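Examining the three-dimensional arrangement
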Amino acid sequence: MGVTKEQVESTLKSKLNPSHLEVIDTSGGCGASFAIEIVSEQFEGKRLLERHRLVNAALEEEMKEIHALSIKKAVTPAQWKQQQETQQSTSAA
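Residues numbered from 1 in each chain as written. Predicted model: local features only at pLDDT ≥ 70, side-chain atom pairs only at ≥ 80, totals over all residues. Heavy atoms only, no water.

**Let's talk about the pattern of salt bridges**
Spelled out, the test is: Each salt bridge in this description consists of a side-chain nitrogen of Lys or Arg and a carboxyl oxygen of Asp or Glu lying within 4 Å of one another. Burial classes: relative accessible area under 20% of the type maximum marks a residue as buried, over 50% as exposed, and values in between as partly exposed (1.4 Å probe, protein chains only).
Overall, the coordinates contain three salt bridges when judged by the stated rule. Residues Glu61 and Lys64 are paired through a salt bridge, measuring 3.0 Å at the closest nitrogen-oxygen approach. Given the relative accessible area of 62%, Lys64 is considered exposed.

**Quick notes on the nonpolar core**
Threshold: Only buried residues count toward a nonpolar core, which is a set of Ala, Val, Leu, Ile, Met, Phe, Trp, Tyr and Cys residues joined through side-chain atoms within 4.5 Å. A run of H or I in DSSP becomes a helix once it reaches four residues, and a run of E becomes a strand once it reaches two; helices and strands are each numbered from the N terminus. Only heavy atoms enter the contact rule, under which two residues are in contact if any of them lie within 4.5 Å.
Ranked by size, the top nonpolar core spans 16 residues in total, and within it Val8, Leu12, Leu16, Ile36, Ile38 and Val55 carry the most contacts. Those elements that provide at least two residues to this core are helix 1 (5-16), strand 1 (20-25), strand 2 (33-39), helix 2 (48-58) and strand 3 (68-75). Those residues in contact with Val8 that lie beyond four places of it in its chain are Val3, Val23, Phe34, Ile36, Leu59 and Ile66.

**Remarks on the packing of helix 1 against helix 2**
In plain terms, the rule: Here the axes come from fitting lines to C-alpha atoms, over the contacting stretch only for helices, and the angles between their N-to-C directions go from 0 to 180 degrees. Here the word oblique covers every angle except those under 35 degrees (roughly parallel), over 145 (roughly antiparallel) and from 65 to 115 (roughly perpendicular). If you view the pair so one helix is near and one far, a crossing is left-handed when the near helix is turned anticlockwise from the far one by less than a right angle, and right-handed when it is turned clockwise. Asp, Glu, Lys and Arg are counted as charged, while Ala, Val, Leu, Ile, Met, Phe, Trp, Tyr, Cys and Pro are counted as nonpolar; the rest, among them Gly, fall into the polar class.
The N-to-C vectors of helix 1 and helix 2 enclose an angle of 120 degrees; their axes lie 9 Å apart at closest approach. Our classification of the angle between helix 1 and helix 2 gives oblique. The interaxial crossing formed by helix 1 with helix 2 has right-handed handedness. Here Thr11, Leu12, Lys15 and Leu16 of helix 1 lie close against helix 2, whose contacting residues are Leu54, Val55 and Ala58. Split by residue class, the contact of helix 1 with helix 2 holds five nonpolar, one polar and one charged.

**Examining the sheet that holds strand 3**
For the record, the criterion: Pairing between strands is defined by DSSP: at least two bridges between the two strands are required.
A sheet is described by the order of its strands in space; here three strands give the open sequence 1-2-3, paired in mixed fashion. Each end of this open sheet is capped by a strand with a single partner; those strands are strand 1 and strand 3. Each strand axis lies, on average, 10 degrees off the axis of its neighbour in the sheet, ignoring direction. With six bridges joining them, strand 1 and strand 2 adopt antiparallel strand pairing.

Limitation: the analysis is restricted to geometry and does not speak to function.
Spelled out as structure tokens, the structure:
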């Protein structure tokens, strides 16, 4: 059996301590493909590629069974807050 959404969430929570985490199983339930949105202070001062590497490294064991990992967002809390404010002002207009 593949990796579960809960396993991915648990690993990322323990290793990256995110303030926001959304994991979506895009494989139809077999655990081979996931989309992730993650907000972590550990991304502070790091470029996008470095952030993606942190996520991939955190999921090292799980990646042995995951065939596709789409990191939709890997942002800092400040960037997340700014994106939320921008979305709210756009939707209010």
